[in-house]
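# What the coordinates show
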Amino acid sequence: MKKGSMFYKIFIPVLILGVGLVASFGGYIYLSTESSVIERVANSKQSYITQIKNNLEQKIQTIEYAFNTYSTTSSFSEVVKNPITEKDFQAYRNVNTQLNYIASMGPEGTEYTLISLDQKWRIVDGKLTHLTEEELKDLYDSYIGNRKQGLFWTKTAKGIRLVNTLPVFSNKKLAIALSDISLESLNRAIQTKEETSVLITNRQGELLYENASGGKLFRGSQLTQIAEAAGKQQDGMLTVETSDQHEVQLIFAKSTYNNWIYFTVLEQAEISDSLQTTRFGLIVMVLLLTLLVVVVAYGISIHFTKPIQKIKGSLPGNTHLSSKNEFEWIMSSIDTILTEKESLESLMEAEIPQLETQLILNLFRSRVSREELERKLPRLGYDLSGDRHFVTLLIQLDNYGKREPSDKDVLLLAINKIVEEVIEREQRMIPVILNDNTQATILVFKGMDKEEIRKRVMDYAAELVKTVRDYLELSISIGISTAYGSLLESKEACEMGKQALRHRLNLGKESIIFYEEISMLVSGPVLLYYPSELEARLFDAIRLGDEEQVGVTFYQLLAEMMKKNKNSMNVEVTLVRFVNNLIQLEQLLGIEVLLTQDNHTLYHQILDTRNPEEIERLLVEQVIFPMVKSMKEKTNHQFRCLSEKIAAIVRSEYDQDLSLELIGERLHYNPNYLSSIFKKEHGTTFSEYLMGYRLEMAKKWLVESDMTIKDIAERLQYHNSQNFIRSFRKKENVTPGSYRKIKQGS
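All figures in this text were calculated on a predicted structure; none of them were measured in a lab.

### Comments concerning the overall build of the chain
- The number of helices and strands found in the chain is 25 helices and 16 strands.
- Counting every position in the chain, which comprises 746 residues, the buried fraction comes to 42%.
- Pairs at least 24 residues apart make up 63% of the contacts formed inside the chain by residues separated by at least 6 positions.
- A total accessible area of about 41,600 Å² is found for the chain, and carbon and sulfur atoms account for 52% of it.

### Some points on the packing of aromatic side chains
- Counted according to the given criterion, the structure contains 13 aromatic pairs.
- On the numbers, 5.5 Å between centres and 65° between planes, the contact of Tyr654 with Tyr693 is edge-to-face. Of this pair, Tyr654 sits in the loop between helix H19 (612–653) and helix H20 (660–667) while Tyr693 sits in helix H22 (residues 686–704), placing them 39 residues apart in sequence.
- A residue is classified by how much of its surface remains accessible, and Tyr693, at 22% relative accessible area, is partly exposed.
- By the ring-pair criterion, three or more aromatic residues cluster together here, those being Phe539, Phe554, Tyr555 and Phe578.

### A short note on unusual backbone geometry
- Phi angles above zero are rare outside glycine, and Ser366 is one such case at about 60°.
- Topologically, Ser366 is positioned in the loop between helix H8 (326–364) and helix H9 (370–379).
- Overall, Ser366 belongs to the partly exposed group, its relative accessible area being 46%.
- Although it is not a glycine, Asn733 sits at a positive phi angle of roughly 65°.
- Note on placement: Asn733 falls in the loop between helix H24 (721–732) and helix H25 (736–745).
- With relative accessibility at 65%, the residue Asn733 sits in the exposed group.

### Notes on the sheet that holds strand E4 (residues 151–155)
- The strand order across the open sheet built from six strands is E3-E2-E1-E6-E5-E4, with neighbouring strands paired in antiparallel fashion. Each end of this open sheet is capped by a strand with a single partner; those strands are strand E3 (127–130) and E4. Strand after strand, the sheet turns through a mean of 20° between neighbouring axes, direction not considered.
- Summarising the sheet, E4 and strand E5 (residues 159–166) pair through five bridges and their orientation is antiparallel. Its bridge partner lying in E5, Thr154 is registered against Arg161.

### Here's the deal with the pairing of strand E7 (residues 198–201)
- Taking every second residue as pointing to the same face, both faces of E7 are buried, with Val198 and Ile200 on one and Leu199 and Thr201 on the other.
- Relative to strand E11 (residues 261–266), E7 runs antiparallel, the two sharing four bridges. Within E11, the residue paired with Val198 across the bridge is Thr264.
- Inspection of the sheet shows E7 paired to strand E8 (residues 207–210) by three bridges, in the antiparallel sense. When the bridges of E8 are listed, Leu199 appears paired with Glu210.
- Turn length for the E7-E8 hairpin, with the two strands adjacent in sequence and antiparallel, is five residues, and the turn residue Gly205 shows positive phi of about 90°.

### Re the sheet that holds strand E15 (residues 476–480)
- As summarised here, the arrangement of the five strands in space is E13-E14-E12-E15-E16, forming an open sheet in which the pairing is mixed. A strand with exactly one partner marks an edge of an open sheet, and here the two such strands are strand E13 (432–433) and strand E16 (512–514).
- Pairing of strand E12 (residues 388–397) with strand E14 (residues 438–446) involves nine bridges; the strand directions are antiparallel. Considered in E14, the bridge of Phe390 is made with Val444.
- Across the sheet, helix H11 (residues 450–472) is in contact with E12, E14, E15 and E16; its angle to E15 comes to roughly 165°.

### Examining the nonpolar core
- Grouped together as the largest cluster of nonpolar side chains are 45 residues, with contacts concentrated most on Val95, Leu114, Ile200 and Trp260.
- Trp260 has contacts with Leu56, Ile60, Trp153, Ile160, Ile200, Thr201, Asn202, Leu208, Ala253, Lys254 and Ser255, leaving out every residue within four places of it along the chain.
- Of all hydrophobic cores here, the second largest spans 29 residues; its members include Leu585, Leu589, Ile624 and Met631.

### Focus on the side chain of Glu653
- Position of Glu653 among the secondary structure elements: in helix H19.
- Filtering out sequence-adjacent residues up to four positions away, Glu653 remains in contact with Leu658 and Arg666.

### Concerning the side chain of Thr553
- Here Thr553 lies in helix H16 (residues 547–564).
- In this structure Thr553 touches Leu534, Arg537 and Leu538, once residues within four positions along its chain are discounted.

### Some remarks on the packing of H22 against H25
- One way to put it is that H22 packs onto H25 with a least axis distance of 9 Å and a crossing angle of 50°. Considered as vectors, H22 and H25 are oriented oblique to each other. Remark: the crossing between H22 and H25 carries right-handed chirality. In contact with Lys699, Trp701, Leu702 and Val703 of H22, H25 contributes Pro736, Tyr739, Arg740, Lys743 and Gln744.
- Looking at the contact of H22 with H25 residue by residue, the class counts come to five nonpolar, one polar and three charged.

### Structural notes on the pairing of E11
- With six of its six residues buried, E11 lies for the most part within the structure.
- As paired strands, strand E10 (residues 247–254) and E11 are joined by six bridges and run antiparallel to one another. In the strand pairing of E11, Leu250 is matched with Val265.
- The antiparallel hairpin formed by E10 and E11 contains six residues in its connecting segment, where Asn259 sits at a positive phi of about 65°.

### Details of the confidence of the model for the chain
- Of all residues in the chain, 88% have pLDDT values of 70 or greater, and the mean over the chain is 79.
- Highest mean pLDDT in the chain belongs to E14 (91); lowest belongs to helix H18 (residues 602–608) (66).
- Predicted confidence is poor over residues 319–323, with pLDDT under 50, and the contacts of this stretch with residues over four places away or in other chains come to five contacts.

### Structural notes on H25
- Of all the positions in H25, only Pro736, Tyr739 and Arg740 are classed as buried. Taken end-on, H25 shows its buried residues confined to a sector of 100°, consistent with a single buried face. Seen from the open side of H25, the exposed residues pointing more than 90 degrees away from its buried face are Lys741, Ile742 and Gly745.
- Where H25 is buried, its residues contact H22, helix H23 (709–715) and H24.

### Describing the environment of Ala483
- Within the element layout of this structure, Ala483 appears in the loop between E15 and helix H12 (490–501).
- In this view, Ala483 contacts Phe390, Val391 and Ile453; residues no more than four positions away in its chain are not counted.

### A look at the packing of H20 against helix H21 (residues 671–682)
- Closest axis-to-axis distance for the H20/H21 pair is 9 Å, and the angle between their directions is 105°. As the angle between them shows, H20 and H21 are arranged roughly perpendicular. Between H20, through Leu660, Glu661, Ile663 and Gly664, and H21, the contact on the second element is made entirely by Pro671, Leu674 and Ser675.

About the criteria used
- Residues numbered from 1 in each chain as written.
- Predicted model: local features only at pLDDT ≥ 70, side-chain atom pairs only at ≥ 80, totals over all residues.
- Heavy atoms only, no water.
- Helix = DSSP H or I, 4+ residues; strand = E, 2+ residues; numbered from the N terminus.
- Buried < 20%, exposed > 50% of the residue type's maximum accessible area, 1.4 Å probe, protein only.
- Contact = heavy atoms within 4.5 Å.
- Areas by Shrake-Rupley, 256 points an atom, 1.4 Å probe, with all protein chains shown as cover.
- Phe/Tyr/Trp six-rings, centres within 6.5 Å; stacked < 30°, edge-to-face > 60°.
- Pairing = 2+ DSSP bridges.
- Axes fitted to C-alpha atoms, helices over the stretch in contact; angles between N-to-C directions.
- Core = buried A, V, L, I, M, F, W, Y, C linked by side-chain atoms within 4.5 Å.
- Parallel < 35°, antiparallel > 145°, perpendicular 65-115°, else oblique.
- Left-handed = near helix turned anticlockwise from the far one by under 90°.
- Nonpolar A, V, L, I, M, F, W, Y, C, P; charged D, E, K, R; others polar.
- pLDDT = per-residue confidence, 0-100.
- Arc of directions from axis to C-beta.

So this is what it looks like as structure tokens:
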């Protein structure tokens, strides 16, 4: 169904507000979740980097403590102040043992070196070597020089190195202890995942360690700045920019022991992986909430616009008005309805006769309830309260006078108008045309008994018959129902009037028939009379094509049907039987009159026609005389053919023994039938025609041959010459001999 603008004015704001709230709620949840996830990952990273710090710091402390402890012993001072050669096996073994002990305390894979600056020797991994002056100078410049610290760590190509200049608390350094922790050892100690970046700097920002994932994330100057920023607190998170202009977050932890700073990168992929499930669930939730908002917005819009839609649905549509504003449309529609109401009221007053007519027709069809009747009658101006009786009066045409059947509707309208003029308005309801053949009027009587009603109805009916005859030159018949007390019985009363009119077949034209007079006859025993003998005579006349005999016989037959059958149903049955017999006769004779397309409604025409004169005209003009004409044409052709055959036989066999009996046997016809046909076609009897032809041949022989009178008589089948002479003289007024003399003498 099309939604109005008010629906969208409610739906769209509610939808936008709802979707906005859902989006805000979803965004808030996402940001809160993201912050929580970042915090959780950062805490995990913080714990991770702190653990690395603690593990590595513990190992470094062990190494530093071992060397510091060793440097304070008397054996250390003696060793570093004495030269050691290959011969000083005991001193070498003591140093090597001490280094092995320190190595056992430190991380695996750490290389320890002890260098005597005073005696210029070096023990590395159990090997003793002597140092050159140049090597001593490099060591001094690298590890002692201007350094204030006697113990520090530095990054090497293979890992990180602890440099411990000994003695620790003396400005005069006698020895250097080196501890080299390889990258492999550091990686094992730190135990990082491949994708986790770890960096270690000292407090000056010098890079001490970075794993493979750390790569070259930062330049040296950046590390210094990062170390300065991170050195202000023990642990935390920094957002910095990498060397490739990419912003990352660093989680750090600062060592309170040696001020080293341990860094790890908070990878975005880790946060995304942690947020993936949350993001999917949040999207599903937002979609579901959005769908719920759409449903709620639609429901709210429907709820608040439902009254408006009901009003619109009950109002007529107006294509000339814009539907953008329903209220303006509704107000305009109401104004239109009020205007149309006024117009309809005026129109109703003009249409009251049509409404009244429809009410009467519905009464006759039993389509009106008691409540509807009680409601409509006062509106139409009827006051039918009190003791009232009603009579239904039906009028049908007996004939059309000088008019054509096509004028039937106009004639019924004229009769309807005459009824309105003859019967006062107070005594009737509006007259109506009931169907194509019948006019109907309900008469109203108040305070009259049955005899008074009957007398008044009879007066009205007689006046109507006379008025129609005088003004329209027509004859009508009237069927009258019994009196009844409720208009709801009008249908039954109408049927009574129709049943009364059916008896016009017995009573003839201009009949005024009360149903109560024929009701006993209608319900009595059915005694059917059918004039079979007259029908047989009529059919014989039709076969012979005798129009005169057909006319006389048919009128007698129809009169017998109407006279002997008192019940109209019997008349209808005999008429149907008669028409059916006519059809059978037609089929036997092989002609087509009744079975043509123009006469397929013959049964209905006869049964619907209640006037005997009209039935007589219908059967004579459309059925019987067309059959007589068709049969006459057919028999004339047959007669001509048969008479020509007989004449041809006479002309070819005149000198033989001929008779109609012999010819009938040859042609398979009755001699009497052939005699009547021959006489009708030639105007003379067969014997006269035969005798005449023979006499003509005799005249020819008398003139053209020398045959004797006796020979001619014998050849022409006369039993003796005297009979021939008498016949010749009777026709020619002379004897055969005199005829020959006259013709030969001329």
